[in-house]
Amino acid sequence: METISVIGAGTIGSAISVSLNRAGYHVIATRRRPDLNKALVGYGIEVTSDNIYAVRSSEISILTLKPADLISEVRKLSKFLSGKIVISMAAAVPIRVISGLLPDSFIVRSMTNIAAEVNAGYTPFCTAETDEEKISLVRRVLGVFGETDQVDEKYMDALTALSGSGPAYILTIIEAMMYGGLKVGLPRSIALKASYQTVMGSAKLLAVSGDHPSAIKEKVITPGGVTIDGIYELENGKIRTSIMKAIESSTIKARRISKDLFPEETEK
Ligand SMILES: NC(=O)c1ccc[n+]([C@@H]2O[C@H](COP(=O)([O-])OP(=O)(O)OC[C@H]3O[C@@H](n4cnc5c(N)ncnc54)[C@H](OP(=O)(O)O)[C@@H]3O)[C@@H](O)[C@H]2O)c1
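To continue, consider the nonpolar core. Ranked by internal contacts, the top residues of the largest apolar core, which has 26 residues, are L20, I62, I87, V138 and F145. Every element with two or more residues in this core is listed here: β1 (3-7), α1 (11-22), β2 (26-30), β4 (60-63), β5 (85-88), β6 (106-110) and α6 (132-143). Of all the elements, α6 adds the most residues to this core, at four residues. In this structure I87 touches I60, S61, I62, L63, V108, S110, V138 and L142, once residues within four positions along its chain are discounted.

What follows covers the domain arrangement of the protein chain. Here the protein chain is partitioned into domain 1 (3-156) and domain 2 (166-237). Using only C-alpha atoms to locate each centre, domain 1 and domain 2 end up separated by 34 Å.

In spatial order, the strands read β3-β2-β1-β4-β5-β6-β7-β8; together these eight strands make up an open sheet with mixed pairing. Taken across any chain shown, the strands that pair with only one partner, and hence form the sheet edges, are β3 (46-48) and β8 (146-150). Neighbour-to-neighbour, the strand axes of the sheet open up by a mean angle of 25°, direction not taken into account. Across three bridges, the pairing between β6 and strand β7 (residues 121-127) is antiparallel. Opposite R109, over in β7, you have C126 as the bridge partner.

As a further point, take the side chain of S19. Among the structural elements, S19 can be located in helix α1. Among the polar contacts made by the side chain of S19, one reaches the main-chain carbonyl oxygen of A116 at a distance of 2.9 Å. Other than its neighbours up to four places away in sequence, S19 contacts A116, E117, N119, V144 and F145.

We now examine the site of the ligand. If you check the shell around the ligand, you find 20 residues, and the closest are T11, R31, R32, R33 and L65. Note that a nitrogen atom of the ligand is positioned 2.9 Å from one of the side-chain N or O atoms of N51. Here the ligand, which alone exposes 890 Å², has 83% of that area covered by the protein. Only α1 and α4 (67-81) provide two or more residues apiece to the shell around the ligand. Here the shell around the ligand takes three residues from α4, the largest share from any one element. Per-class residue counts for the shell around the ligand are seven nonpolar, seven polar and six charged.

This paragraph deals with the packing of helix α7 (residues 156-164) against helix α8 (residues 166-183). Their axes nearest at 5 Å, the elements α7 and α8 cross at an angle of 30°. Here α7 lies roughly parallel to α8, going by the angle between them. On α8, the residues that touch A161, L162, S163 and G164 of α7 are G166, P167 and Y169. Looking at side-chain class alone, the contact of α7 with α8 contains four nonpolar, three polar and no charged residues.

Okay, α8 next. Here α8 contains 18 residues, and its C-alpha end-to-end distance of 26 Å stays within 8% of the 26 Å for a straight helix at 1.5 Å per residue. Residues of α8 that are buried include every one of G166, P167, I174, M178 and G181, and no others. End-on view of α8: buried residues confined to an arc of 105°, all on one side of the axis. On the buried face of α8, the contacting elements are α7 and α9 (188-209). At the exit of α8 stands G185, carrying a positive phi of roughly 95°.

Here P213 is to be found in helix α10 (residues 213-220). Look at P213 and you get partly exposed, because its relative accessible area is 45%. Distance from P213 to A203, taken between C-alpha atoms, is 9.2 Å for residues ten residues apart in sequence.

In this structure, N119 takes a positive phi of about 60° despite not being glycine. Relative accessible area serves as the criterion here: at 38%, N119 is assigned to the partly exposed category. The phi torsion at K238 lies on the positive side, around 55°, for a residue other than glycine. Structurally, K238 is set in the loop between α11 (227-236) and α12 (239-261). With relative accessibility at 53%, the residue K238 sits in the exposed group.

Cut-offs and rules
Residues numbered from 1 in each chain as written. Predicted model: local features only at pLDDT ≥ 70, side-chain atom pairs only at ≥ 80, totals over all residues. Heavy atoms only, no water. Core = buried A, V, L, I, M, F, W, Y, C linked by side-chain atoms within 4.5 Å. Buried < 20%, exposed > 50% of the residue type's maximum accessible area, 1.4 Å probe, protein only. Helix = DSSP H or I, 4+ residues; strand = E, 2+ residues; numbered from the N terminus. Contact = heavy atoms within 4.5 Å. Domains from an automatic or database assignment. Pairing = 2+ DSSP bridges. Axes fitted to C-alpha atoms, helices over the stretch in contact; angles between N-to-C directions. Polar contact = N/O pair within 3.5 Å; in protein donor to acceptor, adjacent residues only side chain to side chain. Near = heavy atom within 4 Å. Areas by Shrake-Rupley, 256 points an atom, 1.4 Å probe, with all protein chains shown as cover. Nonpolar A, V, L, I, M, F, W, Y, C, P; charged D, E, K, R; others polar. Parallel < 35°, antiparallel > 145°, perpendicular 65-115°, else oblique. Expected span 1.5 Å × (residues − 1). Arc of directions from axis to C-beta.

Right under this line is the structure:
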């Protein structure tokens, strides 16, 4: 059984630990207060505060620390991460910063989302490494979390905003749909299920058909029918502009964090 360490098992680290454990990996998850992660132990995940033990016991380490914690911790672990695959999930931390601290490790920068816990995330990654065998291994591990793509690093801040933060936007939409259902008298449980199932079904239809969203949307909008009145209200409320602005603002924030933390890298 392959061992993977997850360093900084808070929200996202716990989600991916559960997913990796379910896929058959032996997972060692760390945090400074491991007692707060008792739930992971129930899954058969090893939970410890000993980062050195965790990285020494595994060929692959996934870092799910906040950007500032990541830098200080990687410095301490550099000797033990030498020669190993290190996947950073931290927002806004460029590959060059990590590889500067870990010159002898195989560095990957990635960004998953919370749906990784149920194998339905989107996990783009980038790397400056070229060893195809190791890249395939990384693909296999990240594939546990759902869909994955290798991308250019210049897209990572935008993907952090779109798919990393994306569940928060979609859940806001689902909540609004549910409230709409409550406003017209649906029972709460039916309103919620009708909302999330509709989002899931629409996404699946897109993924399976490969069609453009508009093509499917047009099939639902009958001339003079019910849907066009709802669409008219959405357009009036500028829903598309709002969502585009949300992703743009979030991307700008990711770039600003990166610039504030690593000015010498972002000016290159
Ligand atoms: N949340 C998301 O949906 C999401 C999605 C994709 C990527 N990310 C990225 O993942 C990173 C973490 O985000 P998060 O939301 O999961 O934050 P979080 O819940 O605060 O998790 C970070 C964890 O790191 C632990 N930690 C801090 N210093 C440590 C150390 N020296 N050794 C071991 N553990 C340590 C903290 O626990 P203790 O205080 O107990 O040590 C904390 O539980 C960020 O860089 C974020 O950009 C988050």
